[in-house]
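Read off the chains here:
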Amino acid sequence: MNNLVVSISPHIRDRADTTLIMRDVLIALVPVIIASVVIFGPRALLVEAVCVASCLFFEWGFEKICKRPNTIGDLSAAVTGLILSFNLNVGIPLWQAIFGSFIAIVLVKQLFGGIGKNFANPAITARIVMLLAFSGTMTTWNTPTILHPAADAVTGATPLTMIAKDELANLPSLGEMFLGIQGGCLGETCTLALLIGGIYLIARKVITWHTPVAFIATVFVLSLIFGQDPVVQILSGGVFLGAFFMATDYATTPSTNKGRIIFGIGCGLITVLIRIWGNYPEGVSFSILLMNILTPFIIKWTRNKPLGGVE
Amino acid sequence: MPIKRMNGAHVPHRKNTAEMAAVRIPVPQQLVIPMSMHIGAPAKPVVKPGEDVKVGQLIAEAGGFVSAPIYSGVSGKVIKIDELVVSNGSTVPAIRINSDGEQTVLEDLTPPTVTDYESFLEAVRNSGVVGLGGAGFPTSVKLKVDLEKVDAIIINGAECEPYITSDTRTMLDRTDEVWAGVEMLQKYLQAKRIIIGIEDNKPQCIAKFNELCKTTQGVEVAALPSMYPQGGEKVLIFNTIGKIVPEGKLPIDVGAIVLNCTTLATIAQYIQTGMPLVEKCITIDGSAVANPQNVIAPIGTPMKDLFEACGGFKTEPRKVLYGGPMMGIAVPDLENPVLKNTNAVLAFDEKDAKPPEPTACIKCGRCIAHCPLKLMPADIEKAFSLERPEDLKELKVNLCMECGCCSFVCPAKRPLVQVNKLSKAMLNKYNAQLKAEEEARKAKEEAKKKEEEAANE
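Residues numbered from 1 in each chain as written. Chains lettered and ligands numbered in written order. Predicted model: local features only at pLDDT ≥ 70, side-chain atom pairs only at ≥ 80, totals over all residues. Heavy atoms only, no water.

Q: Looking at this model, I keep getting lost on the nonpolar core. Mind explaining?
A: Burial of nonpolar side chains together is a common tendency in soluble globular proteins. Ranked by internal contacts, the top residues of the largest apolar core, which has 82 residues, are F120(B) and I153(B). Among the domains, domain 1 (23-273) and domain 2 (279-353) of chain B are the pair contributing at least three residues each to this core. Ignoring any residue separated from it by four or fewer positions in sequence, one finds F120(B) in contact with V114(B), L143(B), M184(B), L185(B), Y188(B), L189(B), I267(B) and I271(B). Grouped together as the second largest cluster of nonpolar side chains are 76 residues, A104(A), A193(A), L222(A) and I362(B) included. (Core = buried A, V, L, I, M, F, W, Y, C linked by side-chain atoms within 4.5 Å. Buried < 20%, exposed > 50% of the residue type's maximum accessible area, 1.4 Å probe, protein only. Domains from an automatic or database assignment. Contact = heavy atoms within 4.5 Å.)

Q: Please explain the pairing of strand β8 (residues 91-99) of chain B as it appears in this structure.
A: On a regular strand, one side chain projects to one face of the sheet and the next to the other, so that they alternate. All names here are of chain B. Note: strand β2 (residues 30-34) against β8, five bridges, orientation antiparallel. By the bridge assignment for β8, V32 is matched with R96. Taken together, the nine bridges between strand β7 (residues 76-85) and β8 define a ladder with antiparallel strand orientation. Looking at the pairing, L84 lines up with V92 of β8. Between β7 and β8, which pair antiparallel one after the other, the connecting turn spans five residues, and G89 there sits at a positive phi close to 95°. (Pairing = 2+ DSSP bridges. Helix = DSSP H or I, 4+ residues; strand = E, 2+ residues; numbered from the N terminus.)

Q: Just checking my understanding: could you explain a positive patch on the surface for this structure?
A: Judged by side-chain charge, R68(A), K117(A), K363(B) and K382(B) come together as a positively charged surface patch. When you line up the elements, R68(A) lands in the loop between α2 (43-65) and α3 (76-86). (Patch = residues over 30% accessible without salt bridge, like charges linked within 9 Å, V, L, I, M, F, W, Y side chains within 5 Å. Areas by Shrake-Rupley, 256 points an atom, 1.4 Å probe, with all protein chains shown as cover. Salt bridge = Lys/Arg side-chain N within 4 Å of Asp/Glu carboxyl O. Lys, Arg positive; Asp, Glu negative; His and termini not counted. Charge placed at Lys NZ, Arg CZ, Asp CG, Glu CD.)

Q: Explain the sheet that holds strand β16 (residues 329-331) of chain B here, please?
A: Two orientations exist for strands paired in a sheet by backbone hydrogen bonds: parallel and antiparallel. All names here are of chain B. Across the sheet, which stays open at both edges, the six strands sit in the order β1-β14-β13-β17-β15-β16 with mixed pairing between neighbours. Whereas interior strands pair on both sides, the edge strands pair on one side only; in this sheet they are β1 (23-24) and β16. Each of β13 (279-285) and β14 (293-298) touches helix α3 (residues 166-173); the most contacted strand, β13, lies at about 130° to it. (Axes fitted to C-alpha atoms, helices over the stretch in contact; angles between N-to-C directions.)

These figures come from the coordinates and say nothing about function on their own.
Next comes the structure, spelled out in structure tokens:
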């Protein structure tokens with residue numbers, strides 16, 4: 001009878017753990033996977049699978065080499081891989097996708113200490129590195145195969161590049177844009193699927209509404225102010241993907257609701273400024289990375305005031 | 001009713017024993033009664049080994065102002081006064097009484113004469129009652145206040161910890177005594193407003209007291225959402241009267257007194273019958289217990305007798321707790337006795353006993369979102385690991401009431417409460433050091449001044 005465990009309270013814990021949270025994110029991304037395959041054809045699934053597999057491999061390999069505990073079971077690497085693939089276009093050479101996974105997992109995540117310790121979003125940073133390294137393939141957009149089932153290598157443009165080049169007549173209709181029938185990255189085009197996934201995450205309390213709402217609303221309002229069509233601006237490019245799935249990454253964004261609103265507004269602001277005055281037609285990735293860098297300061301400014309605390 | 005409420009966690013209820021009226025256990029063979037079952041000075045034994053005692057007899061008197069007397073819960077013989085290692089690791093004197101099984105009640109047990117506030121306080125002090133909800137603070141000390149300052153007396157029937165139903169049983173089985181207590185508070189403390197706070201997972205209790213409130217002015221029932229830690233003193237005050245007890249202050253500083261419902265019932269019982277606090281209703285539950293139920297046992301009953309009365313164990317117990325799973329204290333063996341503030345004894349099997357393996361913090365912010373006092377446990381943990389007491393001071397870790405919400409919700413299973421406890425110790429050390437430095441500096445200045453004065457002369 002003298003083998004009783006003596007440990008500190010609490011003696012019960014909530015069921016949710018890191019794996020369960022990451023599994024919820026993966027579930028939330030399933031509609032986006034389906035949409036990407038419907039819109040861009042089966043190669044979408046191949047790119048996604050390669051990214052997920054290579055991210056898991058790099059995480060496992062790095063931890064093996066560094067003799068750290070293996071954490072691929074927490075599924076965070078799978079989430080990174082999937083989100084990275086959503087930031088690539090369907091025609092990306094697979095070796096480039098694998099290179100991106102290496103950047104995301106090894107350089108951005110593991111070298112900073114692994115899950116929870118990286119300051120920049122791995123998928124976004126990898127995408128930006130790839131954009132600079134492979135500017136050709138990273139900015140070659142395939143027209144949705146759903147529009148041209150016969151020829152699967154028709155090169156099109158994203159609505160944002162059309163706007164940048166003043167080819168407004170070629171813009172898809174708003175309905176098409178909402179359903180994702182437009183040029184762009186694998187996971188960013190179908191707003192409907194992203195919205196379903198995002199609402200699922202909010203309902204499951206994995207994320208809060210603060211960042212996505214602040215982000216999207218800021219893009220909407222600023223676009224209006226700068227004379228752009230606000231609906232086109234939020235439905236094209238990576239606003240929904242970024243707002244729901246990348247600007248809500250735990251490690252690289254503030255953990256208080258006040259901080260999350262500031263983060264979202266900052267992302268929206270930088271996105272619109274880049275879209276309007278920058279050389280790139282799209283600014284979501286840069287905006288999130290820049291706000292990642294500001295996160296420690298936002299956390300400092302938005303610390304909770306403890307109830308009953310006196311100075 | 002304020003709409004704003006403190007944060008908390010949705011913990012499982014597991015009130016398996018709520019419908020079970022308390023059963024008196026067979027008279028235990030031996031009681032072990034520690035002299036320190038309350039906050040404050042230990043009680044002083046007034047009996048000697050070999051002396052015969054009866055139920056309700058004084059065996060130890062209060063050892064100071066902040067202290068409480070102790071009475072015997074059995075009739076029998078004092079066999080020795082030795083020492084006992086209690087659950088916080090300290091060693092306290094303890095009286096051991098062998099019972100004769102007769103349960104002979106002391107003959108001259110008469111109700112005290114209570115006519116006014118002073119005599120009421122005296123009676124509360126003599127009843128041996130301390131905060132029975134868990135805190136163990138001597139109730140007479142808590143009630144010794146400037147009555148002008150009291151806006152509301154809050155009766156705590158929240159019982160927010162999982163498993164525990166002993167207060168539920170008090171409210172259902174001893175309704176008359178609780179109500180008599182309420183009337184005493186109105187009479188002797190001139191309480192203008194009495195609020196009975198009950199979590200809404202106890203609709204029977206709410207209904208019973210709502211019925212009683214209909215006929216009386218100045219008493220109301222606050223049906224509170226079942227959100228842990230609803231029964232925490234600061235939480236209950238905020239959620240009923242909307243006031244925040246500031247750092248370093250007491251509830252009375254915001255005009256509130258919080259009394260546990262069993263505390264109140266026991267005071268009423270003493271004033272009505274003269275029988276002081278000698279026994280407790282305790283919830284026996286947990287995954288290792290054969291027949292979970294509520295029992296009534298004399299204070300000092302070893303835990304093993306409690307489990308025996310509940311059919312023993314269905315699997316080998318691997319963790320045994322005083323109190324609920326959120327704030328309960330794990331004990332090393334079953335010899336530990338029932339204390340005045342014990343309201344549950346839980347035993348868990350292998351599966352429930354093992355603390356989970358912590359993984360890396362993913363900065364999800366759940367600990368921050370759930371802290372009732374809006375502390376930031378993740379940041380506190382970081383400051384602690386970097387040994388930055390000045391940051392801990394800014395993060396106000398000293399306010400932490402160790403309710404356990406942060407650890408409970410943490411998906412990485414980090415031991416945040418433990419870190420908060422250690423952080424408090426680090427901060428105390430740092431504050432003491434600052435104070436010592438400040439004093440040394442002052443002393444030096446003073447010495448210098450004197451030297452200068454001496455030189456001038």
